[in-house]
Amino acid sequence: DGTGKIELVWFQRAAQISKIIKPGSTYLVYGKLNVFRDNYSIVHPEMELIHTITGEVQTPLRLQPVYSTTEKLTANGLDSKNIHRLLFILMEQVNKEIEELIPSDLLQRNKFISRREAFIKVHFPDSLSDATQAINRLKFEELFLIQLDMALQKSLRKVEVQGFVFSRVGENVQRFYANHLPFELTGAQKRVIHEVRNDMRTGHQMNRLIQGDVGSGKTITALLCMLIAIDNGFQTCLMAPTEILATQHYKSIDQMSFGLGITVKLLTGSSRQSERQAIDDMLREGSLNILIGTHALLEDKVQFRNLGLAVIDEQHRFGVAQRSKLYQKNNIPPHILVMTATPIPRTLAMTIYGDLDISVIDELPPGRKEILTRHVRENKRLEIYGFMREQVKLGRQIYVVFPLIEESEKLDFKNLQTGLLDLEVHFPAPQYQISMVHGRLSPQDKDAEMQRFKKGETQILVATTVIEVGVDVPNASVMVIESAERFGLSQLHQLRGRVGRGGSQSYCILMTGDKLGEGSRTRMETMCRTNNGFEIAEVDLNLRGAGDMSGTQQSGLIDLKIADLTKDRQLLILAREAAIEIAEQDPHLTMSEHSYLSNYIRTKKEGQPNWNLIS
């Protein structure tokens, strides 16, 4: 090549190679370089004939894209190199038909190359700079289209979707505030209630997400918002994903509102037929003010007289088709308030909940002490048992959580049943009483065991992660998490939030084996270092990636092909700002420079249910 010579060596297929190589042609050759006595060679090299694209010579290619493939595809000729060849042929056929989606002023302002140029350079780059330029352009486009779709939904909903007008703050709110508040509201709670109230008096439907760390007081904030709806003559409901959580909300709200003269009922899959009939009658006649329940609220026979506000807890546990049924309970859809106890990193919130207005409760109620967290290896177990006995002597109660229900041959972790037997040896009856709760118990048995623990009849509750949310026992001061390396950061943080709800100092003990991977060590260190759920969520996003964190998000919302929320945060912010600007300027995409965008979004949604107005 003008700098020297190199030997290309084939021990196999030499006859074929000699027929394939074209004399006088230029090839790109790559492979593992061997050096022997100053002689260079590559054994069984990869060779690429230099082609032209659209009349421009690709000279000489320095970068070779690597495409994902499988052993089966490779055996059938579709290895990375042949995929690259097919893409070359394809690009020659379609490159003139690649339409630009992003408005020209947005491209120029951010110095992005054209869409057509990006597709060519991402597959056939002349330099690393070319490849980077193309990848950034395509990442921006992917993020921008997602953000634009949500920004348009949000903009249209605020303009076009009628909502009930809650113009007054009446007697229920005032009496509750004066006589029923269990503690002074934090500044964050007051701010969120003010934001919700402003939404509900505009005449347009509210769609707002309340983010709050464990123990931040989301339930009492939601109750005050529900009382505003009741004071304006409307019914409200709260939907939770599990019976345990729905029951906890019911007991909490029923207790807090006692004496106000409002009616609160619970509806779950376990509700008796006579209870269901009474609830149905009260709903239709309007005498039932607050209905709390699970998916049972979505049944067609559950008909409200005038549902004005629907609160959805842990919305990501419900599919969009399920949530849409709440919107159909009235001709005018109710105001929607979504709550989550799982702190969400800002980049993820912008992507998953970009069509919602977001409020954050970022303060804990006064008097709450920070939970002390300690990582303990298996060899310190007896020491931990001694600490647990000391806490029981002080009148405290203890959670012990296990990741498994029964023995697994493949996983070497303590499970619930063997763990229970071990605890019974070290905490013998009648001096100590132990409850057990797991997912295979009937709802009635779960509730009975939980009530025993809540009443103080048992000192230790052995459980699986069914107690992750929805359990509130102020006297419980110790959370022991067995095989803590088996849990993700979000789960560990949620479990830790079950303690620290009373005035006494609380503790979280993370029990692990001696051998930990790098990810497990990072999780343990993070839990011991901070109680801030939003900081923990950022670490979790970096460890697991956006796809794993979002879990069962509907419609593959963040099934990103090229962008990465953990690495492309600045691009996401840029894309969001650009999308909001276009949505506010042209909410129907009728301007000529937005015609390709309009066609793209319309084509993408053809044949799909219209969930645009469902948050």
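Worth saying up front: this structure is predicted, and the values here are computed from it rather than measured.

A.B. asks: Please provide a residue-by-residue account of the nonpolar core, values included.
C.D. replies: Within the largest apolar cluster, 56 residues are counted, with the highest numbers of intra-cluster contacts made by Phe140, Phe144 and Leu291. Here the element with the most residues in this core is helix 6 (residues 128-160); it accounts for 9 residues. Each residue touching phenylalanine 144, except ones within four places of it in the same chain, is listed here: Ile102, Leu106, Ala575, Ala578, Ala579, Ile582 and Leu597. Within the second largest apolar cluster, 40 residues are counted, among which are Ile228, Phe234, Leu238 and Ala240.

A.B. asks: Mind laying out the pairing of strand 4 (residues 39-43), listing which residues take part and the relevant values?
C.D. replies: As judged from the 3 bridges shared by strand 1 (residues 7-9) and strand 4, these two strands associate in the parallel manner. Residue pairing across strands places valine 9 opposite valine 43, the latter belonging to strand 4. Here strand 3 (residues 33-36) pairs with strand 4 via 4 bridges, running antiparallel. Bridged to valine 35 within strand 4 is tyrosine 40. Between strand 3 and strand 4, which pair antiparallel and follow one another directly, the connecting turn spans 2 residues, one of which, arginine 37, has a positive phi of 50°.

A.B. asks: Break down unusual backbone geometry for me, citing the residues and quoting the values.
C.D. replies: Trans is the prevailing form of peptide bonds, just as negative phi is the prevailing case for residues other than glycine. A cis amide bond links alanine 429 to the next residue, proline 430, at an omega of 0°. Looking at the secondary structure, you find proline 430 in the loop between helix 15 (416-426) and strand 17 (434-437). One non-glycine residue, histidine 44, adopts positive backbone phi at about 50°. By the secondary structure assignment, histidine 44 is in the loop between strand 4 and strand 5 (46-49). A positive phi angle, near 50°, is found at serine 483, a position not held by glycine. Taking relative accessible area as the criterion, serine 483 reaches 8% and is therefore assigned buried.

A.B. asks: Run through the sheet that holds strand 15 (residues 372-377), naming residues and quoting values.
C.D. replies: Whenever strands of a sheet pair, they do so through backbone hydrogen bonds, lying parallel or antiparallel. Read across the open sheet, the 6 strands follow the order 15-20-19-16-18-17; overall the sheet is parallel. Pairing within the sheet leaves two strands with one partner each, and these edge strands are strand 15 and strand 17. Taken pair by pair, the neighbouring strands of this sheet meet at an average axis angle of 20°, ignoring direction. With 4 bridges joining them, strand 17 and strand 18 (residues 460-463) adopt parallel strand pairing. By the bridge assignment for strand 18, isoleucine 434 is matched with isoleucine 460.

A.B. asks: Any details on the packing of helix 6 against helix 22 (residues 595-605)? Residues and values, ideally.
C.D. replies: Viewed as axis vectors pointing N to C, helix 6 and helix 22 meet at an angle of 85°, and their least axial separation amounts to 12 Å. Considering their axes alone, helix 6 and helix 22 lie roughly perpendicular with respect to each other. Residues Phe144, Leu145, Leu148, Asp149, Leu152 and Gln153 of helix 6 form the contact with helix 22, whose participating residues are Leu597, Tyr600, Ile601 and Lys605. Residue classes in the contact of helix 6 with helix 22 are distributed as 7 nonpolar, 1 polar and 2 charged.

A.B. asks: Requested: an account of the environment of leucine 492, with residues and values cited.
C.D. replies: Checked against the element boundaries, leucine 492 lands in helix 17 (residues 489-496). Along the chain, leucine 492 and alanine 429 lie 63 residues apart, while their C-alpha atoms are 30 Å from each other. Among all residues touching leucine 492, those that are not within four sequence positions of it are Ile481, Ala484, Phe487, Leu510, Met524 and Met527.

A.B. asks: So, the environment of aspartate 280: which residues are in play, and what are the values?
C.D. replies: Position of aspartate 280 among the secondary structure elements: in helix 11 (residues 273-285). Note: C-alpha distance between aspartate 280 and phenylalanine 304 (24 residues apart in sequence) is 8.1 Å. In this structure, aspartate 280 is in contact with Lys301 and Val302, ignoring residues within four places of it in sequence.

What counts as what
Residues numbered from 1 in each chain as written. Predicted model: local features only at pLDDT ≥ 70, side-chain atom pairs only at ≥ 80, totals over all residues. Heavy atoms only, no water. Core = buried A, V, L, I, M, F, W, Y, C linked by side-chain atoms within 4.5 Å. Buried < 20%, exposed > 50% of the residue type's maximum accessible area, 1.4 Å probe, protein only. Helix = DSSP H or I, 4+ residues; strand = E, 2+ residues; numbered from the N terminus. Contact = heavy atoms within 4.5 Å. Pairing = 2+ DSSP bridges. Axes fitted to C-alpha atoms, helices over the stretch in contact; angles between N-to-C directions. Parallel < 35°, antiparallel > 145°, perpendicular 65-115°, else oblique. Nonpolar A, V, L, I, M, F, W, Y, C, P; charged D, E, K, R; others polar.

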